[in-house]
Every structure is written in C-alpha cells, then in structure tokens.
Amino acid sequence: MTAQAQQPTPALFFETITAYQRSEAIKSAIELDLFTAIGEGNNTAAQIAVRCDASKRGARILCDYLTMIGFLTKDGNGYGLTQDSAVFLDRRSPAYMGGAIEFILSDHIIEGFRHLTESVRKGGTATPDDGTLAPEHPVWVKFARAMAPMMRPVAQGIAQLIDPEANRKLKVLDIAASHGAFGLAFATRNPHAEIVGLDWANVLELSKENAKAAGVADRHRTIAGSAFDVDYGTGYDVVLLTNFLHHFGPPTNEKLLRKVRTALAEGGRAVTLEFVPNDDRVSPPGVAGFSLTMLASTPSGDAYTFAEFEEMFKNAGFAKNELHEIPPAIQQLIVSRK
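Note that this is a predicted model, so its numbers are computed, not measured.

Definitions and cut-offs
- Residues numbered from 1 in each chain as written.
- Predicted model: local features only at pLDDT ≥ 70, side-chain atom pairs only at ≥ 80, totals over all residues.
- Heavy atoms only, no water.
- Helix = DSSP H or I, 4+ residues; strand = E, 2+ residues; numbered from the N terminus.
- Rg over C-alpha atoms; globule rule 2.2 N^0.38 Å.
- Buried < 20%, exposed > 50% of the residue type's maximum accessible area, 1.4 Å probe, protein only.
- Contact = heavy atoms within 4.5 Å.
- Areas by Shrake-Rupley, 256 points an atom, 1.4 Å probe, with all protein chains shown as cover.
- Pairing = 2+ DSSP bridges.
- Salt bridge = Lys/Arg side-chain N within 4 Å of Asp/Glu carboxyl O.
- Disulfide = S-S within 2.5 Å.
- Polar contact = N/O pair within 3.5 Å; in protein donor to acceptor, adjacent residues only side chain to side chain.
- Axes fitted to C-alpha atoms, helices over the stretch in contact; angles between N-to-C directions.
- Parallel < 35°, antiparallel > 145°, perpendicular 65-115°, else oblique.
- Left-handed = near helix turned anticlockwise from the far one by under 90°.
- Nonpolar A, V, L, I, M, F, W, Y, C, P; charged D, E, K, R; others polar.

Novice: It is not clear to me how the overall build of the protein chain should be interpreted in this structure. Could you clarify?
Specialist: Check the secondary structure of the protein chain and you find 16 helices and 9 strands. Taking 2.2 N^0.38 as the reference for a compact globule, 338 residues should give roughly 20 Å; the C-alpha atoms of the protein chain span a radius of gyration of 22 Å, in line with that estimate. Going through the 338 residues of the protein chain one by one, you find that 46% of them count as buried. Within the protein chain, counting contacts between residues at least 6 apart in sequence, those at least 24 apart form 67% of the total. Summed over all atoms, the accessible surface of the protein chain reaches about 16700 Å², with 54% contributed by carbon and sulfur.

Novice: How should I be thinking about the pairing of strand β1 (residues 72-75) in this particular structure?
Specialist: One face of the sheet, then the other: side chains in a regular strand alternate in exactly this way. Where β1 and strand β2 (residues 78-81) come together, 4 bridges link them in antiparallel fashion. Bridging across to β2, Asp75 finds its partner in Gly78. Joining the antiparallel neighbours β1 and β2 is a turn of 2 residues, in which Gly76 adopts a positive phi near 65°.

Novice: Before we go on, may I ask you to explain the pattern of salt bridges in this structure?
Specialist: Note that side chains of opposite charge can pair when their charged atoms are close. The full count for this structure, using the stated rule, is 10 salt bridges. For Arg51, the salt bridge is made with Asp33, and the minimal N-O distance between the two is 3.6 Å. Of the two residues, Arg51 is situated in helix α4 (residues 45-52) and Asp33 in the loop between α2 (19-31) and α3 (34-39); the sequence distance between them amounts to 18 residues. Arg51 gets classed as partly exposed once you look at its relative accessible area, which sits at 31%. Among the ionic contacts, a cluster of salt bridges with common partners joins Asp33, Glu40, Arg51 and Arg91.

Novice: Would you explain the state of the cysteines in this entry?
Specialist: The bond known as a disulfide is covalent and runs between the sulfur atoms of two cysteines. Enumeration according to the criterion identifies 0 disulfides in this entry. Just so you know, Cys52 is unpaired, no disulfide at all, and the nearest cysteine sulfur is the one on Cys63, 7.7 Å from it. Residue class for Cys52 comes out buried when judged on its relative accessible area of 8%. Among the residues examined, Cys63 registers a relative accessible area of 0% and is labelled buried.

Novice: Would you mind going over the side chain of Asn253 with me for this structure?
Specialist: Structurally, Asn253 can be placed in helix α13 (residues 250-263). The exposure class assigned to Asn253 is buried, which follows from its relative accessible area of 0%. At 3.3 Å, the side chain of Asn253 forms a polar contact with the backbone oxygen of Phe248. For Asn253, the residues in contact, after removing those within four places along its chain, are Leu245, Phe248, Tyr304 and Met312.

Novice: Just to check I follow, could you spell out the packing of α13 against helix α16 (residues 306-315) for this structure?
Specialist: At a minimum axis distance of 8 Å, the contact between α13 and α16 shows a crossing angle of 50°. As judged from the angle between their axes, α13 and α16 are oblique. Where α13 crosses over α16, the handedness of that crossing is right-handed. Each of Pro250, Asn253, Glu254, Leu257 and Arg258 in α13 lies in contact with α16, whose residues at this interface are Glu311, Met312, Phe313 and Asn315. Counted by class, the contact of α13 with α16 contains 4 nonpolar, 2 polar and 3 charged residues.

Novice: Looking at this structure, I do not really get unusual backbone geometry. What am I missing?
Specialist: Trans peptide bonds make up most of the peptide bonds, and negative phi angles are found at most residues other than glycine. Following Ser283, the chain continues to Pro284 via a peptide bond in cis, the omega torsion being -15°. Take Pro284: it is sitting in the loop between β7 (264-274) and α14 (285-288). In this chain, Pro327 is followed by Pro328 through a cis amide linkage whose omega measures 5°. Looking at where Pro328 falls in the secondary structure, it is placed in the loop between β8 (320-325) and β9 (332-337).

By themselves, these figures tell us nothing about what the structure is for.
Written as structure tokens, this is what we have:
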C-alpha cells in the first residue's frame, strides 16, 4: 500500500453527513414525476421543466445531481434514464417502485432517526407509544400501498418454492398480511388454496381490494387484530411470517411462534421471510444495517442471524429449519417444520 493511500481523508465523513441530500433529491424527482417525463422523451432541462411544472434552472440542477449519483445519464444537454431507473422509477413500468418513498421516507419512519442518540442510550425507539408498533399505526397503510410492487415478485418466488405443484388443497394463514401479496401469490397459482389474512383492520382493507382485483376474493378471508391476541384457528398447511419477527425481541417471538406451531396442521410449515445477517452482524451491509432501523423504530426489534432464529424456533417447539434464497429479495426464507 502506498504512503498516499494510507493518508487519512474526511471524504467518508462528509459523504455521510450530507447523505440526506441524496434522499431528498430522489424524493423530489419522484414527486415531480421526473423519471416518467424523461422516459416519455422529454430530454432537455427546458422540456423536463415544462412537463414537471418546474423551473428550467431547478430541473437542470436536479438532473445534473441525479446524473452524478447514478440515476440518470447525460449526453450534451440531453438526459436519459439508466436501465434501473427505467425499470423501477418510470411510472409507466409494471415494476415501478417510486411509491416506496411514501413509507421509507415518511415522517413516521424518519422521526425515529431524529432521536437516534436517545435510542442508542435507551436500547430501543425513543418515539412515543412503541414507535411504529402502536396499534393500528397509520404508517402500515402507507407501507401496504407503497411496498406491494416490490414484494410481488418475492411472493411469487415463495409460493413456487413452498407449493411447486399448485394442485392440492392448501390452507394458508398470512400473518401481518399487509397488501396481501404473499398469501395471494398462493391463491392465484393454486385454485385449491384458501387464504386467511391477519392484520389491523385498517390495513386489511387493502388486502381485500387486492384479493378482489386478483379474482380470488371467494377464497380469501380476514382476521382483524393483533397477531398476539386473536384466535388463528387450526389446520393450516402454511403460516406466513413475512417481514414481521424483526419487530420484536426473542421472548416475544417465541411466544408468537408457539402459537403458530399450534395452528399448523400435521406436516404444516411456518414460512418466515426475514433480513438474516451473517454471524459477524456487519455483512451483507444492506441486510445487517437493518438492525439500525429496528433500533430507531421499535422497542426491541433486530435483524437476527440464522442461528438466533433457529434458537427461537427450537424454543417454540419446531424441529427443523431450512434457509433459502429468494431472488430478487435481499431477505432470506426460513422454512420450519413441527
């Protein structure tokens, strides 16, 4: 290593303390529908300004910044979409994900990070009423609407893995159903699958809408309330726990998992989608970093390693756990048997 390479630099520090500018730039671009405008052929700052109801100067500066950070290309005075931006940020794309800002950059989520120092001292969220875990918190309606496009391909992958033949009777409980995509993936593939979605009443309205739109409303029913309090019933072949257990500490999860185990039919499986970091807890970064989100927004949530999940499932009475990759998700799937 050269002497020059060993010299300390404050670059990372300044990149980090100005990172909020990147978030605000992408948020503004989505709110202005800038990526769709460029995708439609509005390539110059003047054209983009007219289409987005913005000033020419503002459009130029924002587009230059987005080019610098990798969302746009620039040739002379013309701007273009990168491949990723065309797929995920042009509103006309079926894979459009711009709506995710309604949840990820919502005041409810950001508020927890504004009090992060206090959360570190406390060991849990410093926001009132248990942060995002407050009963019927409105942020989960935003989550359901915003994140559904991102989760649908993952949901299809899970249904394919768990029910590959899609030709037998299947009773599925979808805990924290949200948009309903995970349960509905089973119902749309398998005409014999019946889905029970469990969530807060205000959130379930969206899953009902989506079940109707998918043409499976006759095989979709709901249970409103807390997963810790309501009666699940019994005889489920599959219980889905997608993006849920990370909100709670191990004792709370074990209590829930015992309840899940009781609800399963003989031979049934608990299917858990989670951020599962390596044992070092710092890799892979996008997964391991989720622990900080849980620190800021929940009283005791975390991103758990597979060994930690295995311990929780073992304590709840499950005998076998398998870990699976589910592309394109950065999360992994844990399939557990009684």
